[in-house]
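Residue-level listing of the chains:
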Amino acid sequence: MSSESKLATAETGDDRQGVAEEALSNISLDSITEGKNERGIPATKFVDDIELFAASFNPPASPELLIGAYSDLFSKFKAYEQQLASKCATYKEKLPEIEKSIKVVRNLKEKKEAGESGVAARYNLADTIYSKAEVDCSQGIVNLWLGANVMLEYTYDEALELLTTKQGVAKKDYKEVCFCFD
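No experiment lies behind these values; they were computed from the predicted model shown.

Colleague: Could you clarify how one ought to interpret helix α4 (residues 63–113) in this entry?
Modeller: Three or four residues apart is the spacing at which side chains of an α-helix point the same way, because the helix has 3.6 residues per turn. Compared with the 75 Å implied by 1.5 Å per residue over 51 residues, the 74 Å span of α4 between its first and last C-alpha is a close match. Considered for burial, the residues of α4 that qualify are L65, L66, A69, L73, L84, C88, Y91, L95, I98, I102, V105 and L108.

Colleague: Even after reading the chapter, I still don't get the nonpolar core, so can you show me in this structure?
Modeller: Buried together is how nonpolar side chains tend to be arranged in soluble globular proteins. By size, the foremost hydrophobic cluster in this structure holds 21 residues, and its most contacted members are V105, L108, V142, Y156, A159 and V177. At the level of secondary structure, the elements contributing two or more residues to this core comprise α4, β5 (141–147) and α5 (156–178). When residues of this core are assigned to their parent elements, the largest contribution, eight residues, is made by α4. With residues up to four places along the chain from it excluded, the contact list for V177 reads R39, L84, K87, C88 and Y91. Formed by eight residues, the second largest nonpolar core is a distinct cluster that contains F53, A54, A61 and A69.

Colleague: Before we go on, may I ask you to explain the environment of S131 in this structure?
Modeller: In this structure, S131 sits in strand β4 (residues 130–136). As for S131 and A121, which are separated by ten residues in sequence, their C-alpha atoms are 8.2 Å apart. Apart from the residues lying within four places of it in its own chain, the contact partners of S131 are A121, R122, Y123 and L125.

What counts and how
Residues numbered from 1 in each chain as written. Predicted model: local features only at pLDDT ≥ 70, side-chain atom pairs only at ≥ 80, totals over all residues. Heavy atoms only, no water. Helix = DSSP H or I, 4+ residues; strand = E, 2+ residues; numbered from the N terminus. Expected span 1.5 Å × (residues − 1). Buried < 20%, exposed > 50% of the residue type's maximum accessible area, 1.4 Å probe, protein only. Core = buried A, V, L, I, M, F, W, Y, C linked by side-chain atoms within 4.5 Å. Contact = heavy atoms within 4.5 Å.

Here it is as structure tokens:
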């Protein structure tokens with residue numbers, strides 16, 4: 001093959017690639033979706049006539065480009081699904097912990113109001129390791145672990161208010177995130 005024919009072949013290939021790139025730039029996420037839901041996840045268009053849909057682009061989209069665009073969209077949907085599943089699992093773990101903390105603070109408050117000075121308690125050190133402790137409930141103060149290496153001291157009433165607020169928010173978020181998986 002002569003160098004001129006190699007050059008002509010290369011130019012033709014480059015021209016095709018340029019047209020394909022131009023067509024790909026015309027196929028945006030907006031052109032294959034119909035808006036977004038309340039979470040910002042795009043709603044996919046239902047395509048009755050694929051030929052008519054492909055011809056709606058300028059230049060008309062090739063099957064390869066449409067498959068590529070929908071494959072990208074599918075990848076985004078899988079990422080959304082994974083993200084929602086992760087959030088749902090986090091809330092399933094977080095809600096029982098908040099409820100357990102509310103019960104403990106209420107119990108300590110009841111013991112203080114009953115005039116008891118101390119309460120024997122077992123607490124969880126790790127998944128399968130528990131320890132005993134004598135908790136002084138006469139002071140009316142509890143320390144809450146807030147996360148990110150932060151623990152703060154609250155009165156029983158402040159702790160209950162904070163925990164019930166967190167519980168309400170977590171339940172609302174759980175319902176919003178996990179309704180997709182029901």
